[in-house]
Every structure is written in C-alpha cells, then in structure tokens.
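What follows is each chain in one-letter form.
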Amino acid sequence: MNEEDFKVLVAIEHGMARHEYVPLEYIAKVTNFTDDKLDMILRKLHRLGLIQRNKGPYIGYVLTTFGYDSLALRALVKRGVLERISADPIGVGKEADIYEGVTPSGEVVAVKFHRIGRVSFRNPRRVRTYVGDRRHISWLYMSRLSAQREYEALVLVHQHGVKAPRPIAHNRHVVVTEKIEGVPLFEVPPLEDPEDVMYQVIENVKLAYTRAGVVHGDLSEFNVLVTVENGREVPVIIDWPQWVPSIHPSAESLLRRDIENIVRFFRRKYNLRVDVEEIIKQVTQG
Ligand SMILES: Nc1ncnc2c1ncn2[C@@H]1O[C@H](COP(=O)(O)OP(=O)(O)OP(=O)(O)O)[C@@H](O)[C@H]1O
Ligand SMILES: [Mg+2]
C-alpha cells in the first residue's frame, strides 16, 4: 500500500459522508488522478478487500470494515502510537474487536476496533443517542462516534483516579489503551476476597460519578477485569462507550442499574448481601 492508494481510500471515506456509494467522478475529482491510474488503484484496493463496488445503477465505491481499519491503523502508526498488532483478537464482543498491539517503545497495549451496526442493532435506542440528528447513520459514523465517546470517558475518569484502562490514543473507530492483565469478573475462579473487590468497584463508580461526572451505563460482571496488584485483587472497569454525564436526565437511573448489576452478581455468586439503597446513597453523596 502506498500513499496514492491511501489517497483514494481517504477520498472514498470523505465521500461516504454524502453518498451511499461514492461516485467514481467524485473520487476522480478529489484525487486528481488520471482515469487509468485511478482504475488501477481501485482494482488493487478491491482485490485487497478494502473497498466494495456498487452493484446498482452507477459506478461507486464504499470502504469495507477492513478498509476503514487500514486507515485508522496507518494514522496510528504514522503518529508513532503503534508499531504492530496481533493477528488474532484477544477479545471479541458484540460491538468491538480487541487486539493486542505494541508501541514503538515496546509497551503492550489494547487496540479496540468499534464495530457498531456490524450485525444488527442490538439496541437501536442506544445507537440513536450516539447519532443525534445526523441523517447519514452508517456503521462508519456510529463506530467512530462510539470510539470518540469511549476515549472521552476514559480521559475523564482516568484524570480522577478511577481504575480504568489508561487512554493512549484514538483515531476514527479505534481506541488504544493500556492492556490490562486480568480476567473478566464473571470468569474469575472464585475471588479470594469478594467483599473487597465489590467495594472497590463501588468506590470507582462513586469516583466516576462524583468527581469525573461520568456514569458508565453498561456496568456488569462482563465489563470488569480483575487484576492482581501486590497480592491484592483489583477490579478495573472497561468498555465505556455508552457513558452519560452525571447531569444527564438518565444518569440516575443508569447509575442505579449499574450498581444493581454489580450487587446482584456478588449476591448470586458470592452470597454477599448489601442494601442497594444504602450503596446508592453512599455513591451519590460526597
Ligand atoms: N484494555 C484491555 N486490556 C485487556 N483486555 C481487554 C481490554 N479491553 C477489552 N479487553 C478484552 O476484550 C473483551 C471485550 O472488551 P469490551 O467489553 O471493551 O468490548 P465489547 O465489544 O463491548 O464487548 P461486549 O459487547 O461483549 O460487552 C473484554 O472482555 C476483555 O477480555
Ligand atoms: Mg463489554
């Protein structure tokens, strides 16, 4: 892949803001390449699986997921954030694929590709809050907004000492963070001190709410990784794209749901019994 190939990819990316399939004439105009040259590059990009061709009435192209991934990765490599990423994902969710990456200085990082609208809208209502009034809702925009939102939350909570992956960079639909060496809470072979872990999670929820002004909004045993630091089990909260600000009209009900999910998990699995109302009071006051 050379600069000219990327120039065509970027032209298609920009054109996708206004076209379902970006017309050939648009790409030609933006890139200023001769017809022959453009034809050659488009064939190459198509062969590599980076773009898809319109089967409809006019010649036009869109990026594939792989094409969009390539643009984000190239930008992150150029900025000196990434040197390489793993061939296989270390985590696959409904709305993201997570790979392990390595930075030029050798740090091992997590590289999260947001994939909203990939299969089906699991929760259309949630998608709409990302998109606002934009007419052109597409997987590309939704995935980019989701990544931007997650990065924003990570910066906010991290500044206020919440245990979450340290944000490193983002570009388009990709967020790069510190890699957590941990096991998801729901999978941990019995915790040694479940009560300690539960109260740490709640303390983090409180810090996020009262200091950072952030409600996670999708907190559960699936979005907490448990690490061990100096012999102590320490929970780290991941997966923040659906956060809302503490002043959001839905903040309190989402905060309640987050806390209830955590309390329910510890009650079911560890038979810990706590008063949810007490915890909510504790989290919201001070
Ligand atoms: N910073 C990280 N360090 C290490 N592993 C991570 C990190 N972020 C995510 N993972 C791994 O990837 C999995 C999915 O991550 P995450 O929850 O952020 O994505 P998701 O697509 O929202 O998942 P789902 O939709 O299934 O909740 C996690 O359970 C974890 O195993
Ligand atoms: Mg998740």
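Residues numbered from 1 in each chain as written. Chains lettered and ligands numbered in written order. Predicted model: local features only at pLDDT ≥ 70, side-chain atom pairs only at ≥ 80, totals over all residues.

J.: Help me understand the sheet that holds strand 13 (residues 232-237), please; the structure alone is not making it clear to me.
T.: Across a sheet, strands are paired by hydrogen bonds formed along the backbone, either parallel or antiparallel in direction. One open sheet accounts for three strands, arranged 10-12-13; its pairing is antiparallel. Two strands in the sheet have a free side with no partner beyond their single neighbour: strand 10 (183-184) and strand 13. Relative to strand 12 (residues 224-229), strand 10 is paired through two bridges, and the arrangement is antiparallel. Opposite Pro184, over in strand 12, you have Leu225 as the bridge partner. The strands touched by helix 7 (residues 194-212) are strand 12 and strand 13; relative to strand 13, the strand with the most contacts, the crossing angle is about 35°. (Pairing = 2+ DSSP bridges. Helix = DSSP H or I, 4+ residues; strand = E, 2+ residues; numbered from the N terminus. Contact = placed C-beta atoms within 7 Å. Axes fitted to C-alpha atoms, helices over the stretch in contact; angles between N-to-C directions.)

J.: What should I look at first to understand helix 1 (residues 3-15) in this one?
T.: Side chains of residues three or four places apart in an α-helix project in the same direction, reflecting 3.6 residues per turn. Over its 13 residues, helix 1 runs 18 Å from end to end, which matches the ideal 18 Å to within 8%, given 1.5 Å per residue. Here helix 1 has its buried residues at Val8, Leu9, Ala11, Ile12 and Gly15. End-on view of helix 1: buried residues confined to an arc of 155°, all on one side of the axis. The inward-facing, buried residues of helix 1 contact strand 1 (22-23), helix 2 (24-31), helix 3 (35-47), strand 2 (51-53), strand 3 (60-63) and helix 4 (65-78). (Expected span 1.5 Å × (residues − 1). Buried ≥ 20, exposed ≤ 12 C-beta atoms within 10 Å, placed from the backbone. Arc of directions from axis to C-beta.)

J.: Looking at this structure, how should I read the nonpolar core?
T.: Side chains of nonpolar character tend, in soluble globular proteins, to be buried together. Ranked by size, the top nonpolar core spans 72 residues in total, and within it Ile12, Val157, Val176, Val214 and Ile262 carry the most contacts. Of the residues forming this core, the biggest block, eight residues, is contributed by helix 7. Residue contacts for Ile12: discarding those within four places in its chain leaves Val22, Ile27, Ile51, Tyr61, Val62 and Leu63. (Core = buried A, V, L, I, M, F, W, Y, C linked by C-beta atoms within 7 Å.)

J.: Is there a simple way to think about the sheet that holds strand 2 in this case?
T.: The three strands are arranged 1-3-2 in an open sheet whose pairing can be described as antiparallel. A strand with exactly one partner marks an edge of an open sheet, and here the two such strands are strand 1 and strand 2. Relative to strand 3, strand 2 runs antiparallel, the two sharing three bridges. Considered in strand 3, the bridge of Ile51 is made with Leu63.

J.: Help me understand the domain arrangement of the chain in this model?
T.: Here the chain is partitioned into domain 1 (3-63), domain 2 (81-178) and domain 3 (183-284). The centre of domain 2, based on its C-alpha atoms, is set 21 Å off from the matching centre of domain 3. Tallying the contact residues gives 16 residues for domain 2 and 16 residues for domain 3. (Domains from an automatic or database assignment.)

J.: Help me understand the environment of Val201, please; the structure alone is not making it clear to me.
T.: Considering the arrangement of structural elements, one finds Val201 in helix 7. For the pair Val201 and Val236, spaced 35 residues apart in sequence, the C-alpha to C-alpha distance is 7.9 Å. Residues within four places of Val201 in sequence aside, it is in contact with Val224, Pro235 and Ile262.

J.: Just checking my understanding: could you explain the site of ligand 1 for this structure?
T.: What surrounds ligand 1 is a group of 18 residues, the closest being Gly91, Gly93, Ala96, Ala110 and Asp239. Put simply, the parts of the chain that give the shell around ligand 1 at least two residues each are strand 6 (96-102) and strand 7 (108-114). Residue composition of the shell around ligand 1, by class: nine nonpolar, four polar and five charged. Looking at the shell around ligand 1, you find at least three residues from each of domain 2 (81-178) and domain 3 (183-284). (Near = placed C-beta within 6 Å. Nonpolar A, V, L, I, M, F, W, Y, C, P; charged D, E, K, R; others polar.)

J.: Can you walk me through unusual backbone geometry in this structure?
T.: A negative phi angle is the norm for most residues apart from glycine, just as the trans form is the norm for most peptide bonds. Unlike most non-glycine residues, Arg172 shows phi in positive territory, near 50°. The residue Arg172 is located in the loop between strand 8 (167-171) and strand 9 (174-178) in this model.

J.: Sorry, what's going on with the packing of helix 7 against helix 8 (residues 251-270) here?
T.: Pairs of packed helices are described in terms of their axes, by the angle between the two and the distance that separates them. Two elements in contact, helix 7 and helix 8, have axes separated by 11 Å at closest approach and are oriented at 175°. Between helix 7 and helix 8, the crossing angle belongs to the class labelled roughly antiparallel. Of the residues in helix 8, those in contact with Pro194, Met198, Val201, Ile202, Val205 and Tyr209 of helix 7 are Leu255, Asp258, Ile259, Ile262, Phe266 and Tyr270. Across the contact of helix 7 with helix 8, the residue classes break down as eleven nonpolar, no polar and one charged. (Parallel < 35°, antiparallel > 145°, perpendicular 65-115°, else oblique.)

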